[in-house]
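Here are the chains, one letter per residue:
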Amino acid sequence: MNEENKPGQPAPEGPSEGKTGDSSGAPAAPPKPTTPATAGEAKEAKPKPPAAKKPPVKKGPSYEDLTDDPLLKDLRERFSTGVVSGQSFLGQAIYTVTVDVLPDVMRYLRASDQWSFDYLVDLTCLDYIGDEKRFCMVYHLYSHKSGRLIRIKARAAAAAMVPSMAPIWRTADWLEREAYDMFGVEFSGHPDLRRILLPDDWLGYPLRKDYDIKLQDQAWIRNHLRIRKVPE
Amino acid sequence: MDEPTILDAQELEINMGPQHPATHGVLRIKLKLDGERVLDADCVIGYLHRGVEKISENRTYTKCLPYYDRTDYIAAVSNALGYVLGVEKMMEIEVPERAVYIRVMMTEFNRIASHLVWLGTHAMDIGALTVFLYCFREREEILKLFEDLFGARLTTHAFRIGGLWMDLPPGFEEAARRFIDDFPTKVDEYEQLLTNNRIWLDRTKGVGVISGEEAIDFGLSGPPLRGSGVPYDVRRARPYGGYDQFEFDVPVGEHGDTYDRYLIRMEEMRQSRRIIQQTLDRLPGGPIRGKVPRIIKPSVGEYYSAIEGPRGELGYYIVSDGSAVPFRVRIRPPTFINLQALKRMVKGALVADVIAIIGTLDVVLGEIDR
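Note that residues are indexed from 1 along each chain, following the sequence as it is written. The order in which chains are written sets their letters, starting at A; the order in which ligands are written sets their numbers, starting at 1. Residue-level local features of this predicted model are given only where pLDDT is at least 70; pairs of side-chain atoms are given and counted only at 80 or more, and the full residue set underlies all totals for whole chains, interfaces and linings.

Chemist: Honestly, the overall build of chain A in this entry has me stumped. Any pointers?
Modeler: Numbering goes from the N terminus for both helices and strands, where a helix is a DSSP run of H or I of at least four residues and a strand is a run of E of at least two. Along chain A, the regular secondary structure elements total four helices and eight strands. In sequence order, chain A lays out its α and β elements as β-α-β-β-α-β-β-β-β-α-β-α. Buried residues are those with 20 or more other C-beta atoms within 10 Å of their own C-beta, exposed residues have 12 or fewer, and partly exposed residues lie in between; C-beta atoms are placed from the backbone. When each of the 232 residues of chain A is scored for burial, the buried share is 38%.

Following this line, the structure appears as structure tokens:
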């Protein structure tokens, strides 16, 4: 049971490790940070350097590798190569695993006495269009016992089935239906996978990046709303 | 000798809603009934879907803000707080103390206003019309305060990245104090009408019971979770936006029924009043907006920022790709997730109880459908 790693607080481990290679090694990281790797630190009110004229881009927070996080260690021991990376951003821990071990990891996190992440806060999806593994499933877990909030990520190819979390947390039922509705991610083992917010016979998945904001299923609108000419 | 008619059917499937006054918006429930008993229920939602998350991906960080007012329109003031806090965190923007206090104050006013709408409509659904009139009397006072400060009663666009748009107008503090001085007697008035009312007790006690374990399994948050005895309040669990500086209690129920959830919300109104009192007593001076860059461009990263809305945990998961437009803003809608438990809670109940259970979950369809 680790007390020091409360959510919201910056992860205490490895404070000096921050400036290292960051996320570049992790395949599951979002697009590479665009901030120049060697952005000169803005020196304190020194009028001398020429750079002071134009203040350099403020270096925002960046991803840091979790170094001696007990949960990461435990997951690595149990699932070895299934665990891709462990990072933190602004103090929020992110664990990336492969889709294959995802259900086992989740079942373990929920059932184990040590971690008991009994509460699925949220489940959603990100669309990295153009990547080989296009979708990134994002799960937020909370433990009522330790008060810790973590994020689990898993990348999946567009055609791949993602294992459903509904048998583990009932929360996932509607959330996965929503992810299916908006992204077209198929969940294997889901009890009742159908659209939830959009009509059942709607075509297309609106939150995909290649679905333009002005796009709509014109045939559906013509048929159901009896609008002959749908404005472009 | 005769063909079976609908009267011979053992099971009857009927639609409740979407045009039904007690469904609090356009919620449609397909009820499977055996006489008066509910065998199964299936919620059909999405009638108000506007694609707020998609819109967010096509607007700059600041331009997203007004859309979030319109998700949960009953709690428009506090809605964007989670988002604003998240962006501030990612941008490392310091918010002046005065703005922090005013935000907390307005958020708590909003919680009271929202609970008043809940109480009024919930009681009216069950048959106590008077309470509705009382509640809207007080809510009107709060809406007037909102109008004074934000210029609007409902779609307030209250908080800005880095602080507030405007400082408190003259006379605001006095008006706010007048309200909170009177408010405890008003809550007592509501309680006098309901808490020991025989009909109210019969209609709410033991109705829509859900255990703490199940509530966690369903991901409930807000009063429905606390009603089942789980003391989870985001303001306590992961303090945000200055809440660690104020004293308040988190009421928790025992039985997980509609009556306990009612008591919790009544107590929450009192606690909100207590927080407002503290903000007014200790309101610091100074600026109301921090230093904010002209263009909001968080560096590549992601942040989950959640607040305890009147209905539960309202989270914003913001993902930035380094541009001026969010890569993704995911709204964790509390009532969407709470509504999922309806199916479980109405099973075996009477049709009339379905109304009470919808009321006790305090659904807002604008947020469910987004």
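Chemist: Got a minute to help me understand the overall build of chain B in this structure?
Modeler: When you go through chain B residue by residue, the secondary structure sums to 16 helices and eight strands. Relative to the 2.2 N^0.38 estimate, which gives 21 Å for 370 residues, the radius of gyration of chain B is 21 Å and therefore close to what a compact globule would have. Along the three orthogonal principal directions, the C-alpha set of chain B runs to about 85 × 50 × 35 Å. Relative to its full complement of 370 residues, chain B shows a buried share of 52%. Radius of gyration here uses only the C-alpha atoms, and the compact-globule reference equals 2.2 Å multiplied by the residue count raised to the power 0.38.

Chemist: I keep staring at helix α7 (residues 172–194) of chain B and nothing clicks. Help me out?
Modeler: It helps to recall that an α-helix has 3.6 residues per turn; residues three or four apart then point in one direction. Residue and element names in this part refer to chain B. Expected helix span is taken as 1.5 Å per residue step, with the number of steps being one fewer than the number of residues. Taking 1.5 Å per residue, 23 residues should reach 33 Å; α7 reaches 32 Å between its end C-alpha atoms and fits that length. When the local axis directions of α7 are compared, the greatest deviation, roughly 40°, occurs at F183, which is followed within four positions by the proline P184. Check the buried side of α7 and you find it contacts α5 (97–126), α6 (129–150), α8 (198–204) and α12 (258–282). To obtain the bend at a residue, axes are fitted to the seven residues ending there and to the seven starting there, and the angle between these axes is taken. This entry defines residue contacts through backbone-placed C-beta atoms, with two residues in contact when those atoms are within 7 Å.

Chemist: Honestly, the confidence of the model for chain A in this entry has me stumped. Any pointers?
Modeler: Residues and elements named next belong to chain A. Taken as a whole, chain A shows an average pLDDT of 75; of its residues, 73% reach a score of 70 or greater. What pLDDT expresses is the predictor's confidence in each residue, scored from 0 to 100. Helix α4 (residues 218–225) is the least confidently modelled element of chain A, averaging 79 in pLDDT, while strand β5 (residues 135–142) averages 92, the highest of any element. Confidence drops under a pLDDT of 50 for residues 1–52, and excluding neighbours within four residues, the segment shows 77 contacts in the predicted structure.

Chemist: Got a minute to help me understand the sheet that holds strand β1 (residues 12–16) of chain B in this structure?
Modeler: Residue and element names in this part refer to chain B. Pairing is antiparallel in the open sheet, where three strands are placed in the order β1-β2-β3. With partners counted over all chains shown, the strands left at the sheet margins are β1 and β3 (37–44), one partner each. For this sheet, the mean angle separating the axes of adjacent strands, direction not counted, is 25°. At least two DSSP bridges between two strands are required for those strands to pair. Bridge count for strand β2 (residues 28–34) against β3 is seven bridges, and the pairing is antiparallel. Paired with D34 across the bridge in β3 is R37. To get an axis, fit a line to the C-alpha atoms, keeping to the stretch in contact for a helix; angles then go from 0 to 180 degrees between the N-to-C directions.

Chemist: How should I be thinking about the interface of chain A and chain B in this particular structure?
Modeler: Often, the extent of an interface is quoted as the loss of accessible area on bringing the components together. Chain A puts 38 residues into the contact, and the matching count from chain B is 38 residues. Of all elements in the fold, only β4 (119–127), β5, β6 (149–156) and α3 (172–183) of chain A reach the threshold of two or more residues within the side of chain A that touches chain B. Among the elements that take part in the side of chain A that touches chain B, β4 of chain A stands out by supplying six residues, more than any other. The classification used treats Ala, Val, Leu, Ile, Met, Phe, Trp, Tyr, Cys and Pro as nonpolar, Asp, Glu, Lys and Arg as charged, and all other residues, Gly among them, as polar. Class assignment for the residues of the side of chain A that touches chain B results in 22 nonpolar, 11 polar and five charged.

Chemist: Before we go on, may I ask you to explain the environment of L66 of chain A in this structure?
Modeler: All names here are of chain A. Along the chain, L66 falls in the loop between β1 (64–65) and α1 (70–79). When the 21 C-beta atoms within 10 Å are taken as the criterion, L66 is described as buried. Sequence spacing of L66 and P199 is 133 residues, and the spatial spacing of their C-alpha atoms is 43 Å.

Chemist: Whenever I open this one, the environment of F218 of chain B confuses me. Can you help?
Modeler: By the secondary structure assignment, F218 of chain B is in the loop between α9 (212–217) and α10 (223–226). Taking the C-beta count within 10 Å as the criterion, F218 of chain B has 27 such neighbours and is therefore assigned buried. Once residues within four sequence positions are removed from consideration, F218 of chain B is found in contact with R170 and T171 of chain A together with Q340 and A341 of chain B.

Chemist: So what exactly am I meant to see when it comes to the environment of R148 of chain A here?
Modeler: Residue and element names in this part refer to chain A. As for its position among the elements, R148 is in the loop between β5 and β6. On the neighbour-count criterion, R148 (23 C-beta atoms within 10 Å) is buried. Counting along the chain gives 76 residues from R148 to L72, while the straight-line C-alpha distance between them is 14 Å.

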